[in-house]
Amino acid sequence: MTKIVEVNDLKKSYKDFEAVKGVNFTVDDGEIFGFLGPNGAGKSTTINMLSTINKPTSGEALINGYNIVTDKNKVRESIGLIFQESTLDEKLTANENLMLHCRFYKVPKEKREERIKEVLEIVDLSEKRKQVVETYSGGMKRRLEIARGLLHYPRVLFLDEPTVGLDPQTRNHIWEYILRLKKKAGITIFLTTHYMDEAEICDRIAVMDHGDVIALDTPENLKTQIGGDIIEFRTTENEKAKTEVEQRYNVEVKEVDDKITFQVNEGNAFLVQFVKEFSIEITTVNLRRPTLNDVFLQLTGREIREETASKKDKKPIKRRGS
Ligand SMILES: Nc1ncnc2c1ncn2[C@@H]1O[C@H](COP(=O)(O)OP(=O)(O)O)[C@@H](O)[C@H]1O
Ligand SMILES: [Mg+2]
């Protein structure tokens, strides 16, 4: 498998603060690769280095075989970039925005019309191409940005938090387009997210925290490493209950938001026994398969919460029906 992205001990410091602490990973050609981590983990900083926007403090990376420091132009030709914040010109139509980008990326004149048509079709915006962007919904703007990122036929498309601030239904739509892209355009997709469910869609995930990649695998493997099922329950006396679980079953217990969780094998059989023999009153109890949230919790002792999104990220949340 060709490595389209190769990253070697890449670091970024701001004065004496290490935002990215020397990360190592590779991305296969055609993969959907995700950075999952809470706000401030260093996801955007890494993407910005890989896309030549920020200069690394040290270390090395190759995109499509080109060095991100010494072959900047070749790297830029090889990538499409969708920032966390919109960079569309809202006063222009979709078509005009795309035309500008074609010129900027020196797409040959005779190919521009055809390319624009092609990318608008991928994101289902062909019919809206003559509308000014300020009339677009949040989801349509994101789709247009994705289309724009594809215009010069990049090998790798970088998407920084592609669905932040969108309502759940629109988020799902954006994901359909991203998956469609993978099929149609055959390109590598490199994205960041702090949404667990989105990370599930990736072929592989690098879990990031405090500037480090702390785990890297397929979502399935990451969850399997946790082993077994998760029991979560609430009681009237959590402190006592935690001690009892630890002593009775000899397992590691975690408590987040009044909810006590621990892992067991054979969850169904265990649950029956547990409810029967536990000495403290249980108010709610639930048995489930591990999620990526459990993976992060196991790795760091904390949860990735959607509330960790910065104010800037949270700005345009729209709910259905409001
Ligand atoms: N220009 C900068 N100057 C100083 N600190 C920065 C700068 N950019 C980012 N940081 C810090 O680096 C860390 C990682 O930020 P970032 O890469 O944006 O995280 P993420 O995208 O995972 O939320 C954060 O603590 C952030 O405050
Ligand atoms: Mg970010």
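Our structure's up above, just so we're on the same page.
A quick note: this is a predicted structure, and the numbers were derived from the prediction, not measured.

Cut-offs and rules
Residues numbered from 1 in each chain as written. Chains lettered and ligands numbered in written order. Predicted model: local features only at pLDDT ≥ 70, side-chain atom pairs only at ≥ 80, totals over all residues. Heavy atoms only, no water. Pairing = 2+ DSSP bridges. Helix = DSSP H or I, 4+ residues; strand = E, 2+ residues; numbered from the N terminus. Axes fitted to C-alpha atoms, helices over the stretch in contact; angles between N-to-C directions. Contact = heavy atoms within 4.5 Å. Phe/Tyr/Trp six-rings, centres within 6.5 Å; stacked < 30°, edge-to-face > 60°. Buried < 20%, exposed > 50% of the residue type's maximum accessible area, 1.4 Å probe, protein only. Lys NZ or Arg CZ within 6 Å of the ring centre and 35° of its normal.

Novice: Is there a simple way to explain the sheet that holds strand E12 (residues 254–256) in this structure?
Specialist: Strand pairing within a sheet occurs via backbone hydrogen bonds; the two strands may be parallel or antiparallel. A sheet is described by the order of its strands in space; here 4 strands give the open sequence E12-E13-E11-E14, paired in antiparallel fashion. Edge positions in the sheet fall to E12 and strand E14 (282–288), since each of these pairs with one other strand and no more. In this sheet, adjacent strand axes meet at a mean angle of 25° when their direction is disregarded. Note that strand E11 (residues 229–235) and E14 share 6 bridges and pair antiparallel. Paired with Ile-231 across the strands is Leu-287, a residue of E14. Against the sheet, helix H10 (residues 267–277) contacts E11, strand E13 (259–264) and E14, and its axis sits at roughly 170° relative to E14.

Novice: I'm lost on the packing of aromatic side chains in this one. Help?
Specialist: In this description, an aromatic ring pair is defined by two values, namely the gap between the centres and the angle between the planes. The tally for this structure, following the rule as stated, stands at 18 aromatic pairs. Geometrically, the ring pair formed by Phe-262 and Phe-270 is edge-to-face, given 5.7 Å between the ring centres and 75° between the ring planes. A residue is classified by how much of its surface remains accessible, and Phe-270, at 15% relative accessible area, is buried. Members of the aromatic cluster, connected to one another through ring pairs, are Phe-233, Tyr-249, Phe-262, Phe-270, Phe-274 and Phe-278. One cation-aromatic arrangement involves Arg-115 over Tyr-153; the distance from NZ or CZ to the ring centre is 3.7 Å. A cation over an aromatic ring shows up here: Arg-171 above the ring of Tyr-195, its NZ or CZ 3.7 Å from the ring centre.

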